[in-house]
Amino acid sequence: MNPSGIEAYRLGRSFDVMPIPMDPAHCVDVPAGPLVFVVESRRLTDEAINSNAVERGRPDATYDSGIDDGGACVHVLSAADRSEHLRFDCFDNEPHYHYIRQEDQQNVVVRFDQFAEGDARTWTLGRLRSRLPHMLGSLGLTELADAVRATDLEPAVAEVERLLAR
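Residues numbered from 1 in each chain as written. Predicted model: local features only at pLDDT ≥ 70, side-chain atom pairs only at ≥ 80, totals over all residues. Heavy atoms only, no water.

Within the largest apolar cluster, 33 residues are counted, with the highest numbers of intra-cluster contacts made by L35, F37, L86, F88, L128, L132 and V160. With 5 residues, the top contributor of residues to this core is helix α6 (residues 154-164). Contact partners of F37, with chain neighbours within four places excluded, come to V28, D29, V30, A32, H75, V76, L128, L132, L153, A156, V157 and V160. (Core = buried A, V, L, I, M, F, W, Y, C linked by side-chain atoms within 4.5 Å. Buried < 20%, exposed > 50% of the residue type's maximum accessible area, 1.4 Å probe, protein only. Helix = DSSP H or I, 4+ residues; strand = E, 2+ residues; numbered from the N terminus. Contact = heavy atoms within 4.5 Å.)

In structure tokens form, the structure reads like this:
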């Protein structure tokens, strides 16, 4: 059977292992009305990925890929229950972002194209300023998306920008 090539048109790659949890020692919370932005300094390695899979009962999801990357990360959480819905990993080598479907326990990782989009931090700030309701809505979080539309997030995004510049 020949592959159709349709996988090239899918948004990201879906994993049934949730993202690695935040490390509170490296996190700063930024309240943003119905959201909380969490800025974290993060290092991603095969060891961290594999430990996360084993801790979540998925030893079958471990692998060795030679990943050793890191940088700033911006988590987007619901203020009501601190569930994470989006994550922007502004990494040095392989920047990417996550759509996190809590209800389905699904983690969709989308590769960021730094050649087309430029700096991952600048792009992320643009998404926080103008696309969050759309991104949250794509996850089926209509009420949260509407609450975000009705909120002035700029003071919180400006604080995230200040933290990313450090």
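As a further point, take the sheet that holds strand β3 (residues 35-45). In spatial order, the strands read β1-β7-β6-β5-β4-β3-β2; together these 7 strands make up an open sheet with antiparallel pairing. The open sheet is flanked by β1 (13-15) and β2 (27-32), the only strands paired with a single partner. Each adjacent strand pair in this sheet contributes to an overall mean axis angle of 20°, direction not counted. Of the strand pairs in this sheet, strand β6 (residues 96-101) and strand β7 (residues 106-111) are connected by 6 bridges, and their pairing is antiparallel. Bridging from a neighbouring strand, R101 pairs with Q106 of β7. Across the sheet, helix α3 (residues 120-130) touches β3, β4 (68-78), β5 (84-91) and β6, and the angle it forms with β5 is around 155°. Where α6 meets the sheet, it contacts β2, β3 and β4, and its direction lies at approximately 160° from that of β2. (Pairing = 2+ DSSP bridges. Axes fitted to C-alpha atoms, helices over the stretch in contact; angles between N-to-C directions.)

Bringing the pattern of salt bridges into the picture now. The final tally for this structure, using the stated rule, is 10 salt bridges. Residue E40 pairs with R42 through a salt bridge whose shortest N-O separation is 3.3 Å. Pair check on accessibility: E40 and R42 agree, each one buried. The shortest N-O distance in the salt bridge between D146 and R149 comes to 3.0 Å. Here R149 and D146 lie together in helix α5 (residues 142-149), a separation of 3 residues that amounts to about one turn. Under the relative-accessibility criterion, R149 is labelled partly exposed at 49%. Overlapping salt bridges, with partners in common, bring together R129, E154 and E161 in one network. (Salt bridge = Lys/Arg side-chain N within 4 Å of Asp/Glu carboxyl O.)

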